[in-house]
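Spelled out, the chains give:
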Amino acid sequence: MTALTDRFGRVHDYLRISVTDRCNLRCLYCMPEEGVQFEPAENLLSYDQITEVVRAGASLGITKLRITGGEPLVRPGLAGLVRQLAAIPGIKDISMTTNGVLLADQAEALREAGVNRVNISLDTLDPARFQFIARRGDLKRVLKGIEVAAQVGFAPIKLNCVLLKGVNEDEIAAFLRMAHDQPLHVRFIEYMPIGHADDNWRNHYLPLTRVLEIAEENGLNIEQIHDVQGNGPSDDYRIEGGKGSFGLIHPVSDQFCTRCNRLRLTADGHIHPCLYWVDELNVKPALGDEKKMLELFSKAMAIKPLNHEMAAKLSNEAQSHEPTGRRMSQIGG
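Criteria and cut-off values
- Position labels on residues start from 1 in each chain and follow its written sequence.
- In keeping with the predicted nature of the model, local features appear solely for residues at pLDDT of at least 70, side-chain atom pairs appear and are counted solely at 80 or more, and the whole-chain, interface and lining totals rest on all residues.
- Working from all heavy atoms in the structure, the side-chain values ignore hydrogens and water.
- The rule is simple: take the accessible area with a 1.4 Å probe, protein chains only, and divide by the maximum for that residue type; under 20% is buried, over 50% is exposed, in between is partly exposed.
- By definition, any uninterrupted DSSP run of H or I lasting at least four residues is a helix, any uninterrupted run of E lasting at least two residues is a strand, and each is numbered from the N terminus.
- Residue contacts are defined here by distance: any two heavy atoms, one from each residue, within 4.5 Å place the two residues in contact.
- Here an axis means a line fitted to C-alpha atoms, over the contact stretch when the element is a helix, while the angle between two N-to-C directions is reported on a 0 to 180 degree scale.
- Roughly parallel here means an angle under 35 degrees, roughly antiparallel means over 145, roughly perpendicular means 65 to 115, and every remaining angle is called oblique.
- Handedness of a crossing is defined here by the sense of rotation of the near helix relative to the far one, left-handed for an anticlockwise turn of less than a right angle and right-handed for a clockwise turn.
- Each residue is assigned to one class: nonpolar for Ala, Val, Leu, Ile, Met, Phe, Trp, Tyr, Cys and Pro, charged for Asp, Glu, Lys and Arg, and polar for all the others, Gly among them.
- For this document, the term salt bridge refers to a Lys or Arg side-chain nitrogen within 4 Å of an Asp or Glu carboxyl oxygen.
- Whether two aromatic rings pair depends on their centres lying within 6.5 Å, for rings of Phe, Tyr and Trp, where Trp uses its six-membered ring; planes under 30 degrees apart make the pair stacked, over 60 edge-to-face, and the rest tilted.
- Pairs of strands are assigned from DSSP output, requiring at least two bridges between the strands.
- By convention, a crossover is right-handed whenever its connection, traced from the first strand over the helix to the second and viewed with the strands pointing away, goes clockwise.

Participant: Would you mind showing me how to read helix α6 (residues 172-181) here?
Facilitator: The periodicity of an α-helix, 3.6 residues per turn, causes residues three or four positions apart to be oriented the same way. For α6, the full list of buried residues reads Ile172, Ala173, Phe175, Leu176, Met178 and Ala179. Elements that come into contact with the buried residues of α6 comprise β5 (157-163), β6 (185-190), α8 (209-217), β8 (235-239) and β9 (245-249).

Participant: Whenever I open this one, the packing of helix α1 (residues 47-59) against helix α2 (residues 78-86) confuses me. Can you help?
Facilitator: To characterise two packed helices, one gives the angle between the axes of the helices and the distance between these axes. For the pair α1 and α2, interaxial distance at closest approach is 10 Å and the crossing angle is 25 degrees. One element, α1, and the other, α2, form an angle in the roughly parallel class. Between α1 and α2 lies a crossing of right-handed hand. Across from Tyr47, Asp48, Ile50, Thr51 and Val54 in α1, the residues of α2 making contact are Leu78, Leu81, Gln84 and Leu85. Residue composition of the contact of α1 with α2, by class: 6 nonpolar, 2 polar and 1 charged.

Participant: Teacher, can you tell me more about the environment of arginine 111 here?
Facilitator: On the secondary structure map, arginine 111 appears in helix α3 (residues 103-113). By relative accessible area, which is 29% here, arginine 111 ends up partly exposed. As a C-alpha pair, arginine 111 and isoleucine 94 span 17 residues in sequence and 9.9 Å in three-dimensional space. When near neighbours in sequence (up to four residues on either side) are disregarded, arginine 111 contacts Asn116, Val152, Gly153 and Phe154.

Participant: Would you explain the pattern of salt bridges in this entry?
Facilitator: Side-chain pairing between opposite charges can occur once the charged atoms of the two side chains come close. Under the criterion given, the structure shown has 9 salt bridges. With a closest N to O distance of 2.4 Å, arginine 117 and aspartate 93 form a salt bridge. With arginine 117 in strand β4 (residues 117-121) and aspartate 93 in strand β3 (residues 93-98), this residue pair connects regions lying 24 residues apart in the sequence. Aspartate 93 carries the same exposure label as arginine 117, and that label is buried. In this structure, a network of salt bridges that share partners links the residues Arg129, Asp170 and Glu171.

Participant: Mind showing me how you'd approach the packing of aromatic side chains here?
Facilitator: The geometry of an aromatic ring pair comes down to the distance between the two centres and the angle between the two planes. In the structure shown here, the tally under the stated rule is 4 aromatic pairs. Between the aromatic rings of tyrosine 237 and phenylalanine 246, the centroid separation amounts to 5.3 Å while the plane-to-plane angle is 20 degrees, which identifies the pairing as stacked. As far as burial versus exposure is concerned, tyrosine 237 and phenylalanine 246 are alike and both buried.

Participant: Can you walk me through the pairing of β3 in this structure?
Facilitator: In the case of a regular strand, side chains alternate between the two sheet surfaces. Where burial is concerned, most of β3 is hidden: 6 out of the 6 residues are buried. Bridge analysis of strand β2 (residues 64-68) against β3 gives 4 bridges, and the strand direction is parallel. Each bridged residue has a counterpart across the sheet, and for leucine 65 the counterpart in β3 is isoleucine 94. For the crossover from β2 across α2 to β3, the handedness is right-handed. Of the pairings in the sheet, the one linking β3 to β4 comprises 4 bridges and is parallel in character. What sits directly across from threonine 98, in β4, is isoleucine 120. With α3 bridging β3 and its parallel neighbour β4, the resulting β-α-β unit is right-handed.

Participant: Help me understand the sheet that holds strand β1 (residues 14-18) in this model?
Facilitator: Consider a sheet: its strands pair through backbone hydrogen bonds, and that pairing is either parallel or antiparallel. Strands sit in the order β7-β8-β9-β6-β5-β4-β3-β2-β1-β10-β11-β12 across an open sheet of 12 strands; the sheet is mixed. With one partner strand each, in any of the chains shown, β7 (222-225) and β12 (281-282) form the two edges of the open sheet. As paired elements, β1 and strand β10 (residues 262-265) share 4 bridges and run parallel to each other. Across the sheet, leucine 15 pairs through a bridge with leucine 263, a residue of β10. Along the sheet, α2 makes contact with β1, β2 and β3, crossing β3 at roughly 155 degrees. Together, β5, β6, β8 and β9 form the strand contacts of α6, whose direction differs from that of β6 by roughly 150 degrees.

If you want it as structure tokens, here you go:
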């Protein structure tokens with residue numbers, strides 16, 4: 001057992017670090033198309049401050065890091081931060097989640113700095129639909145980013161596909177073919193009610209049982225596997241004869257809170273124990289004081305709840321606690 005064990009016996013060895021709440025896309029499930037209020041640059045943790053927080057976490061048992069955003073690659077000098085984090089004793093694995101638009105130009109530097117693996121958001125294979133979902137950007141640049149990521153040696157390369165009812169569910173079969181034909185790990189993700197006060201989320205929510213139904217309808221022989229590297233909560237499968245694999249991340253229809261091993265650090269400097277709930281701890285008053293920083297991590301363990309209640313929001317039931325008002329881009333996913 002490490003020092004980062006919560007009240008329910010869950011050991012935490014994984015920290016997701018948001019380096020910015022800004023993004024070069026405006027995906028419809030993540031943020032509004034216009035009028036987004038971003039944090040002023042002076043409110044964000046500096047790279048040295050992020051390193052200080054991670055160093056404290058590593059001394060308590062954090063071994064795995066994921067760099068996130070917003071879109072992390074829009075923040076300048078990211079490879080420099082990765083080098084600092086990779087040098088911290090105890091850190092064994094650094095991965096990154098990106099929308100891939102800027103990845104081709106930065107992949108080699110990030111790999112050399114210490115990023116081992118990348119997750120790349122890819123919600124559609126159709127250029128016109130990409131414009132509808134992302135509202136800007138270019139699908140060709142994302143596909144190029146995936147190609148270059150493979151060339152520089154990132155492995156495994158995971159593709160994150162958020163399924164949206166009435167938007168991209170008709171592409172499930174195409175993504176399954178990709179998982180068969182290429183050495184990629186396609187992860188289908190349920191649309192989560194993070195920062196959504198209206199019914200738009202509920203209208204587009206699709207349970208991931210649909211993926212298995214499509215696989216059966218297409219005559220695919222699949223088997224569950226347990227050898228996909230990473231820290232994620234997906235249920236993973238391989239298609240018979242396939243080069244890659246696919247996974248299902250279903251926090252709403254089949255929550256996986258009992259095996260949660262992660263904390264989140266927001267770009268503006270808050271430790272977020274649970275993605276769904278409002279509770280968070282400001283690290284800024286503890287900067288420069290190692291004892292206070294260690295106490296913050298311990299407090300995060302003390303206040304972390306047993307589970308979220310996303311399914312209750314789906315059915316419009318009353319909730320036991322206050323959900324976060326932050327959007328996914330403000331927490332780091």
